[in-house]
Every structure is written in structure tokens, then in C-alpha cells.
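One-letter residues, chain by chain:
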Amino acid sequence: MLIKRGGDVQGSDIGGSEITPQAVYLNRRAFMVGTVGAAALALAPRVGLAAAPPAGQPLAAARNAAYALPDALTKFNEATTYNNFYEFGVNKDDPARLAHTLKPRPWSVKVDGLVHKPKTFDIDEILKLAPLEERVYRLRCVEAWSMIIPWIGFPLSALLKRVEPTGAAKFVEFSTLVDPQQFPAQKKSIFNFASLDWPYTEGLRLDEALHPLTLLTLGMYGQVLPNQNGAPLRVVVPWKYGFKSAKSIVRIRLTADEPKTAWNKSAPQEYGFYSNVNPTVDHPRWSQASERRIGEFRRRETLMFNGYADQVASLYAGMDLRKLY
Amino acid sequence: MTRRARVLLKAAVWAACLAPLAGLLYRAATGNLSANPISFITNWLGDWTLRLLLTCLAMTPLRLVSGWSWPVTLRRLLGLFTFFYATLHFSVWLVLDHFFNWREMGADILKRPYITAGMTALTLMIPLAATSTAAAVRKLGGRNWQRLHRLIYVIGVCGVLHYRWLAKKAIPDPYYYIAVLVLLLGIRGWFWTRRAARLAVASPRPSPQRGEGA
């Protein structure tokens, strides 16, 4: 573990003058290759070049061979500059551009609702809760593009077992941070009249949340999770469309009733509670039969449950997946 | 307006209309088309098709409001550039996105309202582009030509609906385009009603016969 824990250094102990300015940090590669490169990259925001993603602190984890894939990994640069994270803005490059506004530390997560031992966890406590493992998962966006990402985390079940869900708990609700200072698109303005309701909430059935594939995620590509990918912690539910995997979570609540979810509230006929990847059930406005893998030219066929049918199909036995989309 | 000013104006419009394409090529050359280039190119060309379409539709309202006559002389050029960008936008969908998968595209045209609207707009642009020459105006006669070219309003409506129906509800941009279209059609409507009222005063129609009308 390379993450500093405990009381070694507090953020407040560091003088402002000692901190590398964000712009310099983002452009540090250019800094190294010399002034010509630096000048070119300094111009980058104006001509719209994607900012070089900040390489985060390394996060050590054991590779879990059970979750390896033959597919090539999506490039780190692409996985961190092409994101849907509406708290930053509706464009794909908004999250990377504005990521520095999010402060992933200090951070705590309240886990409550229908549990015997409700508790607020500090992020450092969560990092120590279970051994971190690296798993390579497919990520399928509802917009019909996909990536292959090496996540770092541990099964969400490890956290949920700590708080001991009661017999009445049937669902799990995730809430993302609300703070317009850190998430610019949460600021009220006449220009975001169409935006989602904050907080962004998502939900899973308890058995889905306890499924070994459901990963409480703290890192990717051997690093601490970048802000634009949902720092400091998110869930990853690989057999569902990406929007089900809530980011920058501050609260996990166990409930008896199906939680309201952000996209379902925005467009109920388009985004159901389950939102399992399913090539045979079209989005009302486009086909889900194929997808474009980022980095590839031709479309490829979308797999049932995003290729995880063997592990998860039994969760939905007897359900009409056309109705419960 | 002097001949020199007219030439300068046209040259400026040519440059402005080609700038988005140049911008796209520059991004392609510098590897700056995002992680999903096909989607980026499609959206870029679609955005500029709509912007040019609305600019074209703004020329007559601009004349009505300002009293200048020069905006109207730009309609053909702007209309043809709109058609040019719409064709590029469609070609990317056809070649890069679906790679001539006719079955998939045919199903999409029938099943997806946003694609139906987009295809309608593009198809209706073809006769307008084909009759954009002075010779075509003479051949059709001014009145018929004008009637045919009122299709631009249908194209405008289909164009903004195409965008609204494909975008997620949380995306504000399609609503801006709709607002601009409504404003432009509203200005025309306002002037038409006023002109109709003036004509009615100038030459009052004979009052309806007893028993006619309700």
C-alpha cells in the first residue's frame, strides 16, 4: 500500500506555496520535454486539446486472474478523457477538464438505513476494509460505446456485511456528493434547466449488490481513482449500463423499497431500474445490438449481460427483461 | 451595396462556412477527435449543419427587421453549405458508423424517430439544392420556385427535432436550437400577419353572403 494513512501529513500542514499549481502539474510532461512542448500544451485549453490526465498516486493491488479478459485494455488517456459525469457537465471532456474542482479528501461515506450497525466510514478506513484486487471488466455505456478497464477495489459485499443488513433490507441506494463548489454543473443557473436532480442516486437489488462481481472501486490502472472517474470511491457493476455504477459516493442506504434513480426520474420510459446490458432490448431511441469499443473502428456485437451471463443470468430467472428493462 | 462590397461579403461567407470543416481537419491532423472519433465527427458536422440552417433561415427575418436587402442575397450560398454539411454528416453515419450495413440503417430510419426526422430533412434538401440555379428559377417560374422552397421550413423543423430526439433530456443544447427556430419563424409570422392585415385594409374583401360562413 502506497497510500499515506493516519496522521503523517495533513493537507493543512502543507503551505500553499509548496503545492505545485494544477496547471503546471497537468502539463508536467510538457515541462520535461522543454519549452516548445510546454508552450504548445499551455495553449492546449484554448485550442481545445484534451488536457493530459494527471497520473494519480499508485495504488497497489493483487491481480485477480479470475477476472482477466483477452481484450486489450482501453488506453488510460482515453478512459480518463472520455467520460459521462454530469456533475461536471454534459460533454464528454467536461469531467477531465474540471476534475480538479473535486476534493476527494477528506471523504467519508455514511452507510445506514435498514442495517443493524449503521456507520460512517472514513475513506482511509474503507481502503483497509478488505484486500484490494485488480479486476479487468468490460464497461458498456448505454450510448453504445464500450471500454476495457482494470479497476481496483473489493467486492461491495465486504462493506455491506460490516453494517449487517436487517431482514427487511431488499435494496441498496447510492448517493453521489452534492456540492456545487466541487461539482460545477450542480450550480443553479438558467442554463442547466434540463439537468438531473441532485444528488445523483442509483440503486441495486440487495442480491445484485452482494454479487461477487459488484466492485467497490477505489482505483484503476494501478492508481488511485482519478477524479473524473468517480474519486474517491464508486461502484462498478459490469453487467449493467455504465450509469448504474454511481461515482463519488457519500452515502449507501439499505431500503425495503426500490430506490428512485437519477436517470429513471429524468426519462422513465428510457432508463429502467435494472438497466442490464441486453442486446435484444433496444433503448427506445437507438439499437443496443452493437457497440463501438473505444479504440476500434468497426462496431462489435453487444453481449448479453455484457458478457457476464454465466455469473448473473440466474439473478433474473423468470423475469421479463423487456418489461423490467 | 457596391459590387466590391458584395464580392467581399460573399468571400467572407465562404470563409466562415468552410471554417468548421477546416477546424475539423485540423483536429483530425492533430489527433484531437476525442476517444470516440466517429461520434465526435458526426456530432461536429451535425452541429454545424444546424447552425448553418438556422443562419440561412435568419436572413429573411434580418431583412424584415433591419430593412437591409443584402441578407437575402446570401440565402442560396448558406443553403448550399447547409446541404454540404448535411451530406457529410450523413456520409459519416453511412460509411464510418454503420459501414454500409443497409439492413441496420433501414431499420433505424423506420424505427427511430430522430433518424426519420434527419433523413426527411436531408431528402427534402435535395430538390432545393437541385433548383438553386438561376436557370432553375426561370424554368420553374418564380411563383412555383418560391412555393417549392418553402420546404425549408419543414427542413428546419425536422432538423431541430432530429437533434432534440437523439439527445438525452438533460442536454440543454437542442432546446436552444428550438428557441432560435421559433424566434425566426415568429418574426416571419409577425410580419406576414401585419402585411395580411394591411392588405385587408387596402382592399377590403366583399363581406360574406348571408348564410355563408358560421
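In this text, all values refer to a predicted model and were calculated from it rather than measured experimentally. (Residues numbered from 1 in each chain as written. Chains lettered and ligands numbered in written order. Predicted model: local features only at pLDDT ≥ 70, side-chain atom pairs only at ≥ 80, totals over all residues.)

Caption draft 1: A look at the overall build of chain B. Of the regular secondary structure elements, chain B holds nine helices and zero strands. The order of α-helices and β-strands along chain B, N terminus first, is α-α-α-α-α-α-α-α-α. Considered along the principal axes of its C-alpha atoms, chain B spans approximately 70 × 50 × 40 Å. Going through the 214 residues of chain B one by one, you find that 22% of them count as buried. In chain B, once contacts between residues fewer than 6 apart in sequence are set aside, the share between residues at least 24 apart is 65%. (Helix = DSSP H or I, 4+ residues; strand = E, 2+ residues; numbered from the N terminus. Buried ≥ 20, exposed ≤ 12 C-beta atoms within 10 Å, placed from the backbone. Contact = placed C-beta atoms within 7 Å.)

Caption draft 2: Region of interest: the overall build of chain A. For chain A, the count of helices and strands is 11 helices and 13 strands. The buried share of chain A, taken over its 325 residues, is 39%. Restricting the contact set of chain A to residue pairs at least 6 apart, pairs at least 24 apart contribute 71%.

Caption draft 3: Structural context of unusual backbone geometry. Residue and element names in this part refer to chain A. Cis geometry marks the peptide bond from Arg105 to Pro106, where omega comes out at -10°. Counting through the fold element by element, Pro106 comes out in the loop between helix H6 (94-98) and strand E2 (108-113). Geometrically, the link from Trp198 to Pro199 is a cis peptide bond, its omega value of 0° lying close to zero. Take Pro199: it is sitting in the loop between strand E6 (171-176) and strand E7 (201-205). Positioned with a positive phi, Phe305 is a non-glycine residue whose angle comes to about 50°. Looking at Phe305, the number of C-beta atoms within 10 Å reads 22, which means it is buried.

Caption draft 4: Quick peek at the environment of Thr87 of chain B. Residue and element names in this part refer to chain B. Along the chain, Thr87 falls in helix H3 (residues 75-97). Thr87 gets classed as partly exposed once you count the C-beta atoms within 10 Å, which come to 16. Along the backbone, Thr87 and Ile126 are 39 residues apart, and their C-alpha atoms lie at a distance of 9.9 Å.

Caption draft 5: Focus on the packing of helix H2 (residues 37-66) of chain B against helix H9 (residues 173-202) of chain B. Residue and element names in this part refer to chain B. Contact pair H2 / H9: the axes reach a minimum separation of 9 Å and the direction vectors enclose 25°. Compared by their axis directions, H2 and H9 come out roughly parallel. Here H2 and H9 pass one another in a crossing that is left-handed. In this structure, H2 contributes Leu50, Leu54, Leu57, Ala58, Thr60, Pro61, Leu64 and Val65 to the contact, and H9 contributes Tyr177, Val180, Leu181, Leu184, Ile187, Arg188 and Phe191. Each residue belonging to the contact of H2 with H9 can be placed in one class, and the counts come to 13 nonpolar, one polar and one charged. (Axes fitted to C-alpha atoms, helices over the stretch in contact; angles between N-to-C directions. Parallel < 35°, antiparallel > 145°, perpendicular 65-115°, else oblique. Left-handed = near helix turned anticlockwise from the far one by under 90°. Nonpolar A, V, L, I, M, F, W, Y, C, P; charged D, E, K, R; others polar.)

Caption draft 6: Molecular detail of the packing of H2 of chain B against H3 of chain B. All names here are of chain B. Direction vectors running N to C along H2 and H3 enclose 160°, while the axes themselves pass 8 Å from each other. Considering their axes alone, H2 and H3 lie roughly antiparallel with respect to each other. The element H2 and its partner H3 pack so that their crossing is left-handed. Residues of the contact of H2 with H3, tallied by class, amount to 16 nonpolar, seven polar and two charged.

Caption draft 7: Inspection of the confidence of the model for chain B at higher detail. When the pLDDT values of chain B are averaged, the result is 91; 95% of them are 70 or greater. Across the assembled chains, the prediction reports ipTM 0.81 with pTM 0.82. (pLDDT = per-residue confidence, 0-100.)

Caption draft 8: The arrangement of the pairing of strand E3 (residues 119-122) of chain A in detail. All names here are of chain A. The pairing of E2 with E3 spans four bridges and is classified as antiparallel. Of the residues in E3, the one forming a bridge with Val109 is Phe121. Adjacent in sequence and paired antiparallel, E2 and E3 are bridged by five residues. (Pairing = 2+ DSSP bridges.)

Caption draft 9: Structural view of the sheet that holds E6 of chain A. All names here are of chain A. Taking strand neighbours across the sheet as the criterion, the five strands line up as E3-E2-E11-E6-E7 in an open arrangement whose pairing is mixed. Pairing within the sheet leaves two strands with one partner each, and these edge strands are E3 and E7. Averaged over all pairs of adjacent strands, the angle between strand axes in this sheet comes to 20°, irrespective of strand direction. Relative to E7, E6 runs antiparallel, the two being bridged by five bridges. Bridge pairing in E7 links Phe171 to Arg205.

Caption draft 10: Representation of helix H8 (residues 151-166) of chain B. The first and last C-alpha atoms of H8 of chain B sit 23 Å apart over 16 residues, in line with the 22 Å expected at 1.5 Å per residue. Among the residues of H8 of chain B, Ile152, Ile155, Gly156, Cys158, Gly159, Val160, Leu161, His162 and Tyr163 of chain B are the ones counted as buried. (Expected span 1.5 Å × (residues − 1).)

Caption draft 11: Focus on the environment of Leu52 of chain B. All names here are of chain B. With respect to the element layout, Leu52 can be found in helix H2. Overall, the presence of 23 C-beta atoms within 10 Å leaves Leu52 in the buried class. For the pair formed by Leu52 and Gly79, sequence separation is 27 residues and the distance between their alpha carbons is 7.6 Å.

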